[in-house]
Amino acid sequence: MLTHQDKTPVNVNGTLYRWPARPVVVVCVDGGDPAYLKQFIAEGSIPNIARFMTQGFSTVADGTVPSFTCPNNMSIITGTPASKHGISGNYYLDVATGKAVVMTGPELLRGDTILAQFANAGAKVVSITAKDKLRRQLGKNLDVSHGSISFSSEHADKCTLAENGITGVLELVGQPLPDMYSMALSLFVLDAGIKLLQQTPRDLMYLSLTDYVQHKYAPHEAEARRFYQALDDRFGKLQQLGALVALTADHGMSDKSDAAGAPNVIWLQDALDAKFGKGAVKVVCPITDAFVAHHGALGGFVRVWCQGKTTPRQVMDAIHGLPGIESVLDKETACRVHDLPADREADVVVISTANVCIGASAADHDLSGLAGHRLRTHGGVSEAKVPMILSEPLNDEYKLKLACAPLKSYQIFEFALNGTAPPKTHASATPTSTTP
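Remember, predicted model here, so these are calculated numbers, not experimental data.

K.L.:
Can you help me understand the side chain of Asp132 in this one?
P.N.:
Positionally, Asp132 belongs in helix α6 (residues 132-138). Polar side-chain contacts of Asp132 include one of 2.9 Å to the side chain of Arg135. Within the structure, the side chain of Asp132 is placed 3.4 Å from the side chain of His155, a separation counted as a polar contact.

K.L.:
Would you mind showing me how to read the sheet that holds strand β8 (residues 149-152) here?
P.N.:
Two modes of strand pairing occur in sheets, parallel and antiparallel, and in both the strands are linked by backbone hydrogen bonds. Reading across from one edge, β4-β19-β10-β3-β9-β7-β8 is the order of the seven strands in this open sheet, with mixed pairing throughout. Looking at strand neighbours, the two that pair on one side only are β4 (57-62) and β8, the edges of this open sheet. Pairwise comparison of adjacent strand axes, ignoring direction, gives a mean angle of 10 degrees for this sheet. Packing against the sheet, helix α3 (residues 69-78) makes contact with β3 (24-28), β9 (204-208) and β10 (244-248), and its axis sits at approximately 175 degrees to β9. Together, β3, β7 (125-129), β8 and β9 form the strand contacts of helix α9 (residues 184-199), whose direction differs from that of β9 by roughly 165 degrees.

K.L.:
Just checking my understanding: could you explain the nonpolar core for this structure?
P.N.:
In summary, soluble globular proteins display a tendency toward joint burial of nonpolar side chains. Membership of the largest hydrophobic core comes to 47 residues, with the highest contact counts inside it found for Val27, Phe151, Tyr228, Leu231 and Phe235. A total of nine residues in this core trace back to one element, the largest contributor, which is α9. With near-sequence residues (within four places) excluded, Leu231 lies in contact with Val29, Leu187, Leu190 and Leu209.

K.L.:
Can you help me understand the packing of α9 against helix α11 (residues 222-240) in this one?
P.N.:
Two measures define how a pair of helices packs: the angle their axes make with one another and the distance between the axes. At a minimum axis distance of 10 Å, the contact between α9 and α11 shows a crossing angle of 15 degrees. Considering the angle they form, α9 stands roughly parallel to α11. The two elements α9 and α11 meet at a crossing, and its hand is left-handed. Along its contact with α9, which presents Ser186, Leu187, Leu190, Asp191, Gly193, Ile194 and Leu197, the element α11 presents Phe227, Ala230, Leu231, Arg234, Phe235, Lys237 and Leu238. The class makeup of the residues in the contact of α9 with α11 is nine nonpolar, two polar and three charged.

What counts as what
- Residues numbered from 1 in each chain as written.
- Predicted model: local features only at pLDDT ≥ 70, side-chain atom pairs only at ≥ 80, totals over all residues.
- Heavy atoms only, no water.
- Helix = DSSP H or I, 4+ residues; strand = E, 2+ residues; numbered from the N terminus.
- Polar contact = N/O pair within 3.5 Å; in protein donor to acceptor, adjacent residues only side chain to side chain.
- Pairing = 2+ DSSP bridges.
- Axes fitted to C-alpha atoms, helices over the stretch in contact; angles between N-to-C directions.
- Contact = heavy atoms within 4.5 Å.
- Core = buried A, V, L, I, M, F, W, Y, C linked by side-chain atoms within 4.5 Å.
- Buried < 20%, exposed > 50% of the residue type's maximum accessible area, 1.4 Å probe, protein only.
- Parallel < 35°, antiparallel > 145°, perpendicular 65-115°, else oblique.
- Left-handed = near helix turned anticlockwise from the far one by under 90°.
- Nonpolar A, V, L, I, M, F, W, Y, C, P; charged D, E, K, R; others polar.

Laid out in C-alpha cells, this is it:
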C-alpha cells in the first residue's frame, strides 16, 4: 500500500502539492480581521488558536484586493491571484449588455481547484461553505460520485447524492437549518466538518464561513467574543481528530461610521452624475450579493465604467478631490498593482480609506438592515491583511521560503501541505474547550 510519501505530488495551476500525511482542514474565517485574534488572545478567550500560534505557525499575510469574499475564496482554492482565476469581485459589468453580472458561476472561474485535482488523484475531499453562492465555484469539476462532498449550510436541507455527494446533512449534524443572518450559519459548517471527519477518514477539507458576526460586532463586543470562543472550541476538536488545522480569512473588517454612528459614505454615482450628467459613467459596487442587510452593498472598493464621451482621465480627476479616497487607478495600473484580470476590470478603480466606504447612488442602497449598528465593512487595501495560522510548525524549507518573499493568503494550502513536518503525537494536541 502506498504511503503519502510514495504518492505523486498533485500539480494544480503550476504548483506541486504533496499528498497530505494526515487530514488537512483549511478554514476561511470570513471577515476574520487580525484585530479579533489580538483582542481574544490577550483575554485568554481562545486557547486552541493561541496554542496553534505558539506551537505551530502564525503570521499576517496579504489577501487579494478587492478584499471581498468571492475573489479571496477563489484565490485560496486555486492557489493563484485573481489575474489567473478571473474572479475579481462578486459582480462585474458586462460591457456588451451594460448589466452587472454575478461572478459566482463556475464557468467564470479559470484554472483548476486544489480540491478537484486532489479528488481526481484519488483523495477524499470535502468542501463546505456557509452561503450557497460560493458552493458551485468551490466545487468546480469536483466529482462527488467517488466519496467527495460539497454543500452549503444555506441549503443543507436540500443535499442530494448527485449534486452534493451526501444526503441527510441536518440529521448528521443534529441541528436545524441555520438562519442566514446568524453565527449558527458558520458554526454549522464546522460542526458538519467535525461529524464527517469522525465518520470516515478524509484527506482534504475546505470550510468557508460567513462574516455576519464581524459585520455586526467589533472585537470588544460580547457577541464577537462568544463567536470566536465557539470557533476555537471547534478548531480544537478538529485537531483532536488528527487534522492539521490551517486558518486564514478572506478579508478583514473596518468600522466605516462617523462619530454619530452614521455610515461614512461617498455616494460616487451621485457625485459623478452631478459632474458629468446621468449616463456618462456607471459605478458598480462589487461587494453586492444576495445578502446585503449587514453591509448595505457598501464597501471600500468600487469600479467605474465610462460611457459615451467621458474619459477615464476626466473621471479620475473628478474623484481625486473627494475626501476619504485612498487611491484612484486607471485600468492598467489597477491590474498591475492588485494583480487583477484585465478583461474584467473597469476603466477606473476607486479605493477608500479605512474609515470610509463607497456606494453608487444613495437611492440604490438600503441601509435599514444595519438596525442601529455601526457600519463595519471591507473591500479596500485596509482590509486585505489577514491571519495565516497552522497548527503545526513550518519545516526548514518553508521557513526559508517565508523569508524570501511576502506571504499571500492564497498560499495556505501550499504551506499546509508542503510546509509542515510529518505528524507527531504530543500531549499539547489535546484541545481546550471554552464552550459547551
